[in-house]
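Observations on the three-dimensional arrangement
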Amino acid sequence: MNEIIASIFLLIGGAFLLIGSVGLSKLPDFYMRLHAPTKASTLGIGAILIGSIVFFFGQVSGITVKEILITLFLFLTAPITAHMLSKTALHTKIPPTEGTINADLFDKMRERESK
Amino acid sequence: MLNLYWIPLLTFIGSLAPLVTQKFGRNACASATSFFPLIAIAIVISNIGTVFSGETLRFSAQWVPALGLDLAFRLDGLAMLFALLILGIGLLVILYARYYLSDKDNMGQFYAYLLLFMTAMLGIVLSNNLLQLWFFWELTSISSFLLIGYWHHKSEARKGARMALAVTGAGGLALLGGVILIGQTVGSFSLDAVLASGDLLRNSDHYMVMLVLVLLGAFTKSAQFPFHFWLPHAMSAPTPVSAYLHSATMVKAGIFLLARLYPVLSGTEAWFLIVTLTGLMTLLVGAYVALFKHDLKGLLAYSTVSHLGLITLLLGLGSELAAIAAVFHIINHAIFKASLFMAAGIIDHETGTRDMRILSGLWRYMPHTATLAMVASASMAGVPLLNGFLSKEMFFAETIHQTTIGSLSWMIPVFSTIGAALAVAYSLRFIHDVFFGDDIKDIANVPHEPPRYMRVPVEVLVVLCLIVGIFPDFFIGGILKAASSAVLGGAYPADFHVSLWHGFNLPLLMSAIAMVGGLALYMNRERLFSFQSRFPERNASEVFDAGVKQLRDYFRIFINWFENGSLQRGLFFILLVALAMTIVPLTSLTTTAGLRPHLPMNTVMVSGAILLCVSAVATVAWHHIRLLALLLLSVVGLIVSVTFALYSAPDLALTQLSVEVVTIVLLLLALHFLPQVIMNYSSPSRIVRDLSLSVLIGGVVGTVNYALMTRSTETISWFFTENAKTGGGGTNIVNVILVDFRGFDTLGEITVLGIAALGIYKLIAGMRIAMPAASADGIPWSSDKNPLMFSVISQALLPLAIMVSLYIFLRGHNLPGGGFIAGLITAIAIIQQYIAHGTQWMHDRIKINYLTFISSGLLIALTTGLGPILLGKTYLTSWHDYVAFPLIGKVELASAMLFDLGVYLTVIGAVMLILANLGGLTTSNRIREEGES
Amino acid sequence: MELVFSFCVGILTSCGVYLLLRGSTFSVVVGLTLLSYAVNLFLFSSGGLAVNSAPILGQNENVTDPLPQALVLTAIVIGFAMTAFAVILAIRARGDLGNDHVDGNPPELPDRYREGHH
Amino acid sequence: MDHISILPVIVPAILGVIMLMPSLAKSMMLQRWLGFIGVVALVVISVLLLKTVSHETQVYVLGGWQPPFGIILLADRLSALLVALTSFLALCALMYSTAKDDSTGRFFYPLFMFQLMGINGAFLTGDAFNLFVFFEVLLIASYALLLHGGGKAKTAASVHYVLTNLVGSAFFLLALGTLYGTLGTLNIADMAARMPYLTAEQQTLAKAGGLLLLLVFGIKSAMLPLQFWLTQTYSAASAPVAALFAIMTKVGIYSIYRVFGSVFGEQAGDLAFMASAWIWPMAIGTIILGAIGVLAAPSLRMLTSNVVLISAGTLLLSFVINEGQSLSAGLYYLIHSTLVTGALFLIADQIAVQRGAAQDRFVVSKPMNQAPLLSGLYMLCAIAAVGLPPLSGFIGKAYILASVKNSTEQVWVWGSVLVASLMALIAFGRAGTAMFWHLSGNKPGKEKATPIQIAAIALLLLATPLLTIFAGPVTEFTEQAAADLYSSSAVIQQVIENSEGVSHGH
Amino acid sequence: MVIRYNRQRPSFFNFIFLFVIWILLTGSYSLGNVLLAVVLSIAIPAVVGGFQREGLRVRKHRKAFQYFLIMLSDIVLSNFVVAKQVLGKTSALKPGFIAIPLDMKEALPITLFASTISLTPGTVSTELSADRKTLYVHALHIEDEQELIASIKKRYEARLKEIFEC
Amino acid sequence: MLSMVVMFVGAVVGVALLLNLWRFMKGPHILDRIIALDTMYINAIALIVLLGLYMGSPLYYEGALFIAMLGFVSTSAVCKFLLRGDIIE
Ligand code: NA
Ligand code: NA
């Protein structure tokens, strides 16, 4: 039973990781690609970790749930990474793709960079 | 009776006397100096009876048995003759120099060198061990270098000294080779053994080699053609030195060597040819050039060359009588030439010049000296009733009775006669040009006779010329017999006597021809001189010096080309050698794959491999895009870490990951200080060359790697697996190896880390460096120093990271982890704070002396190992036990944990010292780079 | 898998070696880093590769040779220390000598070889 | 348990660490005293060690883990000799540095101590990987020491020295991996013991590994064409550091002796003395290059650096002549050349200081303040370095030459050694006359060597007449030391066999 | 090693947080380990306490937990939405920036707010204005800008304000 | 069954990694490459977790934990570098 549940979670996780990476390859501009790692890290890795927890729940004596810790770290850091990346992108003037809504905000955001 | 070794020892000790006594005045200095040779000569003389009776005195003591070098002296006839010359003439020179040296000259130093030289000469002639002989041989080169260069403010003196050193030194090295070859052939360096092995040596395969090497030594020392050129330039030495070294002693060392080894090396075709022809050539060249020298000492120097050639020629002829004649002429030449040099010195001393074109009519001013000089010159010219005549007659006689060069042997007497005629001519010139003719002009003071005692040495020598010339057998017979027997190996002709008159014979005729011819030559000197003046004058020392300089320049060109200061060249060589050293053995490895079963492939691993290889190649392709290269390195590092994890090395994976991060931070810091634009320094051909080499090396390394992986070897690792828990008290075998089985490695490793931090600290101290004010794309830096959200999360992560590091530390002995990884994690957590908040913010909150971390960490690790020594165990012996604590239960305590704590602290300290310092540099030392803003 | 592994080691070595022979200090440091990856993998695999046999007692039935791992660990640490030193030295050299060439004086090359890169 | 063999490693290590403690790090005086006490202690320790090993070779089993599993230290006459030499050299270098050089940068004494720790560790260890570790210790310390004093020349030299050695270290690891993969052990004696049982295939791999080790040691010992880092490095280092570095090439040479004298020694079957074929041409080349460099040198430091090259080549030769029969001669020469080059670097420094702008270059300059003293010391050094009597160089040279029996070898060895001697003779003669005799003006500067500096030089030089006078006993010792090298594996094998099971103290 | 001790009251939240993490890490519930966890959870904040820059702390623990669950479910749901967007025709997407006016000033809640936005797929916080009054966000697909802003503010900001009482 | 799933998911993650590599190589901007690297970290975490599952051993989780922690440090350091040039001010 554990195995089946774990397998399902693993498959889901794998799927989302792949989708994240597909998005990274496919999306047209930097700001859109920025969404990819958060995708991969949140649901993809989360599902795989849950699968792992489920699997080991019955296997090893005592519950080792370091997976939760990994998730915690990722949840804490992934947004900051994304934030830093976008900050840097603004700083280095990577333009958003054509047709981006509110493209005028780009210059507004860059205000603190030009000081 | 004092032992033999006292003879050189006395003069050696005596070399200190002038240094000590010179402050008591010149007389005291000279007397003290002569005291030691006097005793030495007394010792020699006291042995005359024994030696004349054919006995050889010996002394021997072990010195370096491994080398066959003994301290061994012998006193036979030959040695005695030379010892008497060296000491006797030496004493006269000491007396002479007392008056010759001026107040400005450092007399103590001069005498000290002179006695050192005397010691060396005595050492040569008294040696009973060939290596020891060589020892003293080289000492004469050194001491003569000092004596020739005595007036070192003169360029000519410096050059002359250097040239003499180089030429005689080179000969000395050749001699060393010859001596060793002889020693190896005979099986001993003892002269007794060598002298008894004549046939063995002459029949040896190496005979020619040793002969040539020995002759090179002898010929350079005795200024034989074509090595004669150094001797005239040694004339820049003070005249007493010339009188001593360049007539009586040092140049005779070569002759002595020929005589010494005569019994074992002569008697072969090669000896005859080489020695005779060299001697003849030298005889002629020396005599010819002497005639044209305007410098008194130059004339005498070339005359010496010529006479040395004569002696050599005699030794080459190979007959008993020739050898005796050689010995005889050694004595005669020493006597008349020393006196002539001294006379020349007096003239120089009194008139201030030695140029025969200036000197003239001195008879009027110094008749006494003139008389002495004339007698000595006459001896040099071979005038009857003087000693020079006797040996020259013998020489002529021997040149007639030889067949050295077959049907051309007649040339030897003919050329000898020509040489003799030249000798007569230059002797005439010496006398006539200097003492006769018009009154001397163009000199400052009116010349007069030298001080009384300055003349004494000359007088003694001239008297010797006369009495040896008139009563040869009575006066010189004994020593001549003793010395010649030594040269001939005991085969002294029983009925031989030196006598003044042999009747009218061919030699007498030759003498007469020489006399007449010499006179004729001198009469026609004007034409000869004008003929000679058409040749360009070449100064041998200039030529030699220029030659050495030229050689040096060629060498410089070579070195600058070969060691051109290019690291790339050096590394290329290293890599090339590496390639050669691996390729050569691999060519004999027939099958690369071993028998060990291979692991199956799978998609994940292949993807990893693709990632790795693509990234590595991309790193090369984009290495000039620095940040990109760095990111690619991260990819490689990540894959390598995952590979470690995959192949059962969790510890390695963790270590690699954490080291990776620190490295990236470090490289990022570095990037900031390195030029933003990387030049492409390589030409296309170099790129192709380097690519080929690197592909080959990669191929070889990969092949070896594959061959190793696919072969099983019985290793020692079972021991670690078996003893990790029981002996080391841990289940993480790798960690137990690190902190226990091979704790010594780890001790070294953390020391390396600590030292690296110290070194980097040194590097950073005082570094001044320009930093760019904008990125490479020209975008000025962001004004947001510490992005808010980044700081907040970094802060939040700190306790977490520290907790993780403690966990990793504590479990390391049993599960993947340990002090090193934990230390890195802690350090990274702190670095993260530095990145997020900046150095100043950190300094306000935390004041850690990272140096203390390093030193206490290292001290803990070092002293943990010391404990067991007190318990009688070896260093680093570990201890572990299970201790029951109330509430907590049984806890394992291990000394290895303490050791690991040392590792932990050192790592934190080292990493932080490096990074925090480098970070600090940027704030304290901001110089904006020009042109990049 | 051994073949793939050794291929990777070979590639890493080649890349490292090539970069070692470049003229700028940073490239050399990057080359050294690549080379040390190769060397560590080489040393690591000298006892043979094994999966699922980490040298932790009580975790697996088979335990792989732990010694190369310990050696590589030492090598990694030492390599890190050395790389750190080399990096800072490169900075210092740039500061003292004014350029980033390994010899401190860039060779004079025709312009076509020296186009700058960012 | 006799702990004497571990002391040369841990005494400097502990002293070095103590000197880093904050209270000590601040006081130069305390550091000087500690450093001085440390080196004196090392001299005493190494004398005791020499005495001990003359009695019996010491195998120190670290951590109590029996060989070949744990790391052992091997103190035989050979390693003890080198440790003693290092200590003595260190004493003189340290004395010299106390005058001024120690305070021209931070951490001089700790680094000096770590340098000694590394060198001694490399000499004493009986484990191949541990040798690597101590190589790294001594290298990293030498990097830092090389930079001591600062200046562009040092930085430029460091870049080459450091990067070259990093490459060397990479190959060291490749070599160790290859040897471990074929032999399955790291203990040098155990490696030697396993050599005869290799299959032909394994032999080729072991050969590749061994040759890579030769490459690594060749870099350290400056064997042509791996020498290019040397002259720059040695002539850039500050005087006491350069003097101490005189022992550094010897570490590489010693390692060649150790590894190729035991692992690839007689017992190695087809691989016996397999390195000789490589060493021969490289050693000869090194000597010739050194000879060329000596004459080409524009300054005394450069000249001395090239003397180091010549001696390195000669020492390498001594290992391969007659398949190692001349090693005793090499060891004698090693002692001599280390001390003399050390002294030369110190003298060069004084000359440079006292000649002002001319430094130690062979150009006209003002006279030196202490010209008579320095010229005397220089003269002694030059005589010793060229290999002229009466100083020890001539014995070393003659000993090596005399040990060549085979005539092909004779041609090469004698040719190169004698030519090198001639070049050195000419070069030293020219250098001496240029520096001491060719003067402009007669006003010396104020710079003066302190008595302790003179004492340091004199102490180094004192050794060479002593080496000459006591050449008998010394060569007797080196003969035994050479014999020890070839029997070391057997001794350790004995220890391995005697220790049944684990000798660890549980 | 001198660390300037920042006189802060020990935070219960921090303590629990670290305690749980230690237990999670070690996976051991033995008395010894629990004691160790207690010691560490007190000691570590004490040592690194100096690094806490603001005294703000969680006031409403239950609300906080609630917020956490909401976020989790949002992550899961929006992941599916975004997955569809990514796998579909990317040219149909209407990406854009939005500016969210902030009602909070404190660093911690702003950070959490921005992080939540980033964690839920489809939106990434790109920049915070220097006066901390506006948070700029990039969205993968914007149907209605104002509604998006309003929903984000309501769903997350309001709750965070409550939790931190700011 | 689980091991087959793990293998399969592993392959999927492997493909994801290759896609990341593709993006890395393509860029075009350095930040695109950084995102690619960051995503690689995450995929690597998944890979290590899968490895643990495959081997039935939790030994490898620290590896995953480390990547999670350290990936953040290096990515943020690179960003800081691009923003400020000087990462430790
Ligand atoms: Na005249
Ligand atoms: Na999001």
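Residues numbered from 1 in each chain as written. Chains lettered and ligands numbered in written order. Predicted model: local features only at pLDDT ≥ 70, side-chain atom pairs only at ≥ 80, totals over all residues. Heavy atoms only, no water.

The test is simple: UniProt positions are given in the numbering used here, feature names are shortened, and annotations may be inferred rather than shown by experiment.
Looking at an unreviewed UniProt entry, chain F carries the name K+/H+ antiporter subunit F, with the source organism given as Reinekea marina. Under the UniProt heading Subcellular location (unreviewed entry), the note attached to chain F is "Cell membrane". Recorded under Sequence similarities (unreviewed entry), the UniProt text for chain F is reproduced unchanged: "Belongs to the CPA3 antiporters (TC 2.A.63) subunit F family."

Labelled according to an unreviewed UniProt entry, chain C appears under the name Na+/H+ antiporter subunit C, originating from Reinekea marina. Check the Subcellular location (unreviewed entry) section of the UniProt entry for chain C; it says "Cell membrane". The UniProt entry for chain C carries the following comment under Sequence similarities (unreviewed entry): "Belongs to the CPA3 antiporters (TC 2.A.63) subunit C family."

Quick word on the overall build of chain C
Let me state the cut-off plainly: The secondary structure listing takes helices from DSSP runs of H or I that are at least 4 residues long and strands from runs of E that are at least 2 residues long, numbered from the N terminus. The size measure is the radius of gyration over C-alpha atoms, and the globule rule it meets is 2.2 Å times the number of residues to the 0.38 power. Classification of residues uses two cut-offs on accessible area relative to the type maximum, computed with a 1.4 Å probe and protein chains only: under 20% is buried, over 50% is exposed, and between them is partly exposed. Accessible surface area values rest on a Shrake-Rupley calculation with a 1.4 Å probe, where residue burial reflects the displayed protein chains alone.
A tally of regular secondary structure across chain C gives three helices and zero strands. Its C-alpha radius of gyration of 19 Å places chain C more than 25% over the 13 Å reference for a compact globule of 118 residues. Taken over the C-alpha atoms alone, chain C extends approximately 60 × 30 × 20 Å along its principal axes. Going through the 118 residues of chain C one by one, you find that 77% of them count as buried. Within the structure as shown, chain C displays about 3,000 Å² of accessible surface, and the carbon and sulfur contribution to it stands at 49%.

A word on the interface of chain F and chain A
Note the cut-off: Contacts between residues were defined by any pair of non-hydrogen atoms, one from each residue, lying within 4.5 Å. Summed over both partners, the accessible area lost on bringing two parts together, with a 1.4 Å probe, is the buried area. By definition, a salt bridge exists where a carboxyl oxygen of Asp or Glu is found within 4 Å of a side-chain nitrogen of Lys or Arg. Nitrogen and oxygen atoms within 3.5 Å of one another constitute a polar contact, given that in protein one can donate a hydrogen and the other can accept it, and given that sequence-neighbouring residues count only through two side-chain atoms. Lys, Arg, Asp and Glu make up the charged group, whereas Ala, Val, Leu, Ile, Met, Phe, Trp, Tyr, Cys and Pro make up the nonpolar group; the residues left over, Gly among them, are polar.
Each side of the interface is counted separately: chain F has 48 residues, and chain A has 45 residues. Of the roughly 4,000 Å² buried between chain F and chain A, counting both surfaces, carbon and sulfur atoms make up 81%. Linking chain F with chain A are one salt bridge. For A:Arg33, the salt bridge identified is with F:Asp32, shortest N-O distance 2.8 Å. Where chain F meets chain A, there are eight residue pairs in polar contact (both at pLDDT 80 or more). With 15 residues, the top contributor of residues to the side of chain F that touches chain A is helix α2 (residues 30-55) of chain F. Of the residues belonging to the side of chain F that touches chain A, the class tally is 33 nonpolar, ten polar and five charged.

Here's the deal with the coordination of the sodium ion (ligand 2)
All names here are of chain E. The condition that has to hold: In this description, a donor is an N, O or S atom within 2.8 Å of the metal centre, a cutoff extended to 3.2 Å for sodium, potassium and calcium. Water is not part of the atom list, which can make sites seem incomplete.
Taken together, Ile-117 (O), Ser-118 (O), Thr-120 (O) and Thr-123 (O) make up the full set of protein donors to the sodium ion (ligand 2), lying 1.9 to 2.8 Å away. All donor residues of the sodium ion (ligand 2) come from one chain, and their arrangement in sequence is I-S-x1-T-x2-T. Both residues of the pair, Ser-118 and Thr-123, count as buried.

Describing the packing of helix α3 (residues 28-55) of chain D against helix α5 (residues 108-124) of chain D
Residues and elements named next belong to chain D. To be explicit about the condition: To obtain an axis, a line is fitted to C-alpha atoms, over the contacting stretch when the element is a helix, and the angle between two such axes runs from 0 to 180 degrees between their N-to-C directions. By definition in this entry, angles of less than 35 degrees are roughly parallel, angles greater than 145 are roughly antiparallel, angles of 65 to 115 are roughly perpendicular, and the rest are oblique. A clockwise turn of the near helix away from the far one marks a right-handed crossing, whereas an anticlockwise turn of less than a right angle marks a left-handed crossing.
For the pair α3 and α5, the least separation of the axes is 10 Å and the interaxial angle reads 15°. On the basis of their axis angle, the class for α3 and α5 is roughly parallel. For the element pair α3 and α5, the recorded crossing hand is left-handed. Where α3 abuts α5, its residues Met-28, Gln-31, Arg-32, Gly-35, Val-39, Leu-42 and Leu-49 lie against Tyr-109, Pro-110, Phe-112, Met-113, Leu-116, Asn-120 and Leu-124. Looking at the contact of α3 with α5 residue by residue, the class counts come to ten nonpolar, three polar and one charged.

Quick look at the coordination of the sodium ion (ligand 1)
All names here are of chain B. Each protein donor to the sodium ion (ligand 1) is listed here as Met-356 (O), Leu-359 (O) and Asp-433 (O); together their distances run 2.2 to 2.4 Å. All donors of the sodium ion (ligand 1) come from a single chain, and their spacing in sequence reads M-x2-L-x73-D. Of the two residues, Met-356 is situated in the loop between α17 (320-351) and α18 (367-381) and Asp-433 in helix α20 (residues 411-435); the sequence distance between them amounts to 77 residues. Each of the two residues, Met-356 as well as Asp-433, counts as buried.

With respect to the nonpolar core
For soluble globular proteins, nonpolar side chains are generally found buried alongside one another. Test applied: Side-chain atoms within 4.5 Å are what join buried Ala, Val, Leu, Ile, Met, Phe, Trp, Tyr and Cys residues into a set we call a nonpolar core.
Core analysis: the biggest nonpolar cluster contains 749 residues, and B:Phe744, D:Phe260 and D:Phe428 have the highest contact counts within it. With residues near it in sequence (within four places) discarded, B:Phe744 still touches B:Tyr875, B:Leu876, D:Ile6, D:Val9, D:Leu62, D:Ile71, D:Leu73, D:Asn130 and D:Phe134.

A word on the UniProt feature "transmembrane region" (unreviewed entry) in chain F
The residues that UniProt annotates with the feature "transmembrane region" (unreviewed entry) are residues 6-22, 34-57 and 63-83 of chain F. Segment residues 63-83 of chain F splits into 100% helix and 0% strand. End C-alpha atoms: 30 Å apart.

A few points about the side chain of B:Gln568
The topology assignment puts B:Gln568 in helix α26 (residues 567-586). Leave out the neighbours within four places in its chain, and B:Gln568 touches B:Arg686, C:Leu21, C:Arg22, C:Gly23, C:His101, C:Val102 and C:Asp103.

What to know about the packing of aromatic side chains
The criterion, for reference: Between the rings of Phe, Tyr and Trp (Trp by its six-membered ring), a pair exists once the centres lie within 6.5 Å; its type follows the angle of the planes, with under 30 degrees stacked, over 60 edge-to-face, and the other angles tilted. Placement of a positive charge over a ring is assigned whenever Lys NZ or Arg CZ falls within 6 Å of the ring centre and within 35 degrees of the normal to the ring plane.
Scanning the entire structure with this criterion turns up 69 aromatic pairs over all chains. Consider the rings of D:Phe132 and D:Phe172, whose centres lie 5.3 Å apart with planes at 85°: the pair is edge-to-face. Taken together, the residues span a long stretch of sequence, with D:Phe132 in helix α6 (residues 128-147) and D:Phe172 in helix α7 (residues 152-183) at a distance of 40 residues. By way of ring pairs, the aromatic residues C:Phe85, D:Tyr143, D:Tyr161, D:Trp229, D:Tyr234, D:Phe245 and D:Phe345 are connected into one cluster. Taking the ring centre of B:Tyr522 as reference, the NZ or CZ of B:Arg525 above it sits at 4.0 Å. One cation-aromatic arrangement involves F:Arg33 over B:Trp622; the distance from NZ or CZ to the ring centre is 4.9 Å.

Regarding the pattern of salt bridges
All names here are of chain B. With the rule as written, the count across this model stands at 39 salt bridges over all chains. For Glu-459, the salt bridge goes to Arg-455, with nearest N and O atoms at 3.6 Å. On the criterion of helical spacing, the pair formed by Glu-459 and Arg-455 is a turn pair, its members being four residues apart in helix α21 (residues 452-470). Relative accessible area serves as the criterion here: at 15%, Glu-459 is assigned to the buried category. For Arg-689, the salt bridge goes to Asp-690, with nearest N and O atoms at 3.1 Å. A cluster of three or more residues bridged by salt bridges with shared partners is formed by Arg-58, Arg-74, Asp-76, Asp-192 and Arg-260.

Notes on the interface of chain B and chain D
Residue-level contacts link 112 residues of chain B with 125 residues of chain D. Roughly 10,200 Å² of surface becomes buried between chain B and chain D when both sides are summed, with 78% attributable to carbon and sulfur atoms. Broken down residue by residue, the surface that chain B buries against chain D is led by B:Met581, B:Phe744 and B:Lys762, which jointly contribute 8%. B:Arg711 is the partner of D:Glu201 in a salt bridge, and the nearest nitrogen-oxygen pair spans 2.9 Å.

A few points about the arrangement of the chains
There are ten pairs of chains in contact here; the most contacts are made by chains B and D. One finds no contact between chain A and chain C; the C-alpha atoms of the two approach each other to within 11 Å at their closest. Between chain C and chain E there is no contact, and the shortest C-alpha to C-alpha distance separating them is 16 Å.

A few points about the UniProt feature "transmembrane region" (unreviewed entry) in chain C
Residue and element names in this part refer to chain C. UniProt feature "transmembrane region" (unreviewed entry): in the numbering of this structure it lies at residues 37-58 and 70-91. Here residues 37-58 runs as 41% helix and 0% strand, with 30 Å between its end C-alpha atoms. Annotated as residues 70-91, this span is 100% helix and 0% strand, and its ends, taken at the C-alpha atoms, are 32 Å apart.

Some points on the packing of α18(B) against α21(B)
Residues and elements named next belong to chain B. Taken N-terminus to C-terminus, the directions of α18 and α21 make an angle of 40°; their axes are 10 Å apart at the nearest point. Viewed along their axes, α18 and α21 form a crossing whose handedness is left-handed. Residues His-368, Thr-369, Leu-372, Val-375, Ala-376 and Ser-379 of α18 form the contact with α21, whose own contacting residues are Arg-455, Val-458, Glu-459, Val-462, Cys-465 and Leu-466. For the contact of α18 with α21, the class distribution of residues is seven nonpolar, three polar and two charged.

What to know about the confidence of the model for chain C
Rules: pLDDT expresses how confident the predictor is about each individual residue, on a scale running from 0 to 100.
Of the residues in chain C, 91% reach a pLDDT of 70 or more, and the chain-wide mean stands at 88. Here residues 112-118 of chain C scores under 50 on pLDDT; set against residues more than four positions off or in separate chains, the count is 22 contacts.

Points about the side chain of B:Asp690
Along the chain, B:Asp690 turns up in helix α30 (residues 684-709). Residues in contact with B:Asp690, not counting those within four places in the same chain, are B:Phe572, C:Tyr18, C:Leu21 and C:Arg22.

A closer look at the pairing of strand β3 (residues 123-128) of chain E
Residues in a regular strand point their side chains to alternate faces of the sheet. Residues and elements named next belong to chain E. Put simply, the rule reads: When DSSP finds two or more bridges between a pair of strands, those strands are recorded as paired.
Among the six residues of β3, six are classified as buried, and the element is accordingly described as predominantly covered. Relative to strand β4 (residues 134-139), β3 is paired through five bridges, and the arrangement is antiparallel. Residue pairing in the sheet places Leu-128 in a bridge with Leu-135 of β4. Counting the residues that bridge the hairpin from β3 to β4 gives five residues, and of these Arg-132 lies at a positive phi of roughly 60°.

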